[in-house]
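Observations on the three-dimensional arrangement
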Amino acid sequence: MSSLRLESIRKVFDDPNEGEIVAVNDVSMEIEDGEFMVLVGPSGSGKSTLLRLISGLETLTSGELYLGGEEIGQTKPKNRDLAMVFQNYALYPHLTARGNMSFGLKMQRELDEAEIDERVDEAADIMDIGDLLDKMPSELSGGQQQRVALGRAIVREPAVFLMDEPLSNLDAKLRSQMRTEIQRLQSELDVTTIYVTHDQTEAMTMGDRIAIMNHGELQQVATPLEAYYEPVNVFVAGFIGSPSMNFISMTTDWSNDRLTLENDAFSYGTSNVLGDELTEDDREILLGIRPEDIDLVRSPTETSVTVEVDVIEPLGEKHLLYFDIGRETYIASVPGYYQIEGEDRIHLDIPEQRVHLFDAESHRTIKNREPASDDDARLGEQITVNDR
Ligand code: ADP
Ligand code: MG
């Protein structure tokens, strides 16, 4: 059993200039045996520190760490049965690929030379680098070096892989190729893996589950789709999904069954779909709507807003439309077959079923969108308000 359990993990650094820095604050979670868990969050959110705490490269300020039920929080790194792969794969420059891959095993002195060779050949086979084993790191491309670094982790047959942004030094094409390769590798070896990235797309596409961090605190642990459809707060809602969810600051006005934006720049008519969750008058909330959930409509509705398109980014299958409501800029993503240009006036509908509501103060979710929508595409219509 190689499940990993984190209980109230905390790390405080004493920085000579900044004083105490709480890098990881009270993080608890469980990673199941064989699971691919992605730790995602912006730069500085504590991902690397958490991974280093698990590996033993940093000491815990407090909290407990269990590998397969055994407490390992005070165990020396080399006795933790974990293998770490870094962004800077740091191969030994004076050793061949084979030398790099076998180095750790030789140090351990548990296997004889033939056994080590066998392990290295197996790992090289998995990573498809058999023909590179006699080359020096300087003769290898970035992608090949990263494969050797992964191979070096594989030969150790660890209970858990820890990977800290292993692909961020690679160019876009290679990165997406290695992404697939790491997923294949992980499912083939069935090794419990924690994979750190700041890239939400990488998290969404790779993780069985993702753990979202911000300011050293764990925000949510969820499957990628749960995080997208059922975020627990504004941070997760804004971080997962691209372009980001729009947030409109509004106030409840139930005498008129509406949500209103200051200065009446926007007024949103609601039925009981939203009202049921939110009965208080004059309550400040954030209305969340994803760009892709906004619809272009022919005529205004209770839930639409009429805007002028500020900037349009045609991406082929869709257009990204930038527009202002009040003092803020928002984004809608609409199908690319619509004929729209900058400065066109359009009606954008914000369907009630797709709206998320958040408390303006605590930023916690009050209500998430309904799971399904069944709207028809309105193919090829000219949908702008103005005449051409
Ligand atoms: P991430 O990997 O998510 O970018 P880190 O775990 O590297 O974040 O950093 C989290 C916070 O802890 C940051 O504010 C960083 O400056 C701080 N930090 C990390 N390591 C140290 C250290 N050795 N000494 C002082 N502060 C540190
Ligand atoms: Mg980091």
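Along every chain, residues carry numbers that run from 1 in the direction the sequence is written. Just so you know, chain letters begin at A and ligand numbers begin at 1, following the order they were written in. For this predicted model, a pLDDT threshold of at least 70 governs which residues receive local features, and a threshold of 80 or more governs which side-chain atom pairs are given and counted, while totals over whole chains, interfaces and linings are taken from all residues. Working from all heavy atoms in the structure, the side-chain values ignore hydrogens and water.

**Things to note about the environment of L218**
Under the scheme used here, helices are H or I runs from DSSP no shorter than 4 residues and strands are E runs no shorter than 2 residues, and both carry numbers assigned from the N terminus. Tracing the sequence through the fold places L218 in strand β10 (residues 217–222). The exposure class of L218 is partly exposed, given its relative accessible area of 22%. For L218 and T270, which are 52 residues apart along the polypeptide, the C-alpha to C-alpha distance reads 33 Å. Residue contacts are defined here by distance: any two heavy atoms, one from each residue, within 4.5 Å place the two residues in contact. For L218, the contacting residues outside a window of four places in its chain are V27, S28, M29, A211, I212 and M213. Only protein chains enter the accessibility calculation, which uses a 1.4 Å probe. A residue is then buried if its area is under 20% of the maximum for its type, exposed if over 50%, and partly exposed in between.

**Observations regarding helix α1 (residues 47–55)**
Where burial is concerned, most of α1 is hidden: seven out of the nine residues are buried. By the burial criterion, the buried members of α1 are K47, T49, L50, L51, L53, I54 and S55. Count one or two residues on from α1 and you reach G56, which has phi positive near 95°.

**Observations regarding the site of ligand 1**
Neighbouring residues of ligand 1: F13, D15, I21, A23, P42, S43, G44, S45, G46, K47, S48 and T49. Here an oxygen atom of ligand 1 sits 2.5 Å away from a polar atom, N or O, in the side chain of T49. In the complex, 63% of the free accessible area of ligand 1, which totals 560 Å², lies under the protein chains. Among the secondary structure elements, those contributing two or more residues to the shell around ligand 1 are β1 (4–15), β2 (19–31) and α1. Here the shell around ligand 1 takes three residues from α1, the largest share from any one element. Per-class residue counts for the shell around ligand 1 are four nonpolar, six polar and two charged. By convention in these notes, a residue is near a molecule or strand provided one of its non-hydrogen atoms lies within 4 Å of it. Under this definition, polar contacts are N or O atom pairs within 3.5 Å; protein pairs additionally need one hydrogen-donor-capable and one acceptor-capable atom, and for neighbouring residues in sequence, both atoms have to be side-chain atoms. Every accessible area reported is derived by Shrake-Rupley at a probe size of 1.4 Å, with residue values counting cover from the shown protein chains alone. Note that Gly is not counted as nonpolar here; it falls among the polar residues with everything else outside the nonpolar set of Ala, Val, Leu, Ile, Met, Phe, Trp, Tyr, Cys and Pro and the charged set of Asp, Glu, Lys and Arg.

**Concerning the sheet that holds strand β12 (residues 258–260)**
Strands are labelled as partners when DSSP assigns at least two bridges between them. Strand order in the open sheet formed by six strands is β13-β12-β11-β14-β21-β22, and the pairing between neighbours is antiparallel. Of all the strands in the sheet, the pair left with one neighbour each is β13 (267–269) and β22 (365–367). On average, each strand axis in the sheet is tilted by 40° relative to the strand beside it, whichever way the strands run. Bridge analysis of strand β14 (residues 284–289) against strand β21 (residues 356–359) gives four bridges, and the strand direction is antiparallel. When the bridges of β21 are listed, L287 appears paired with L357. A fitted line through C-alpha atoms serves as each axis, taken over the contacting stretch for helices, and the angle formed by two N-to-C directions is quoted from 0 to 180°.

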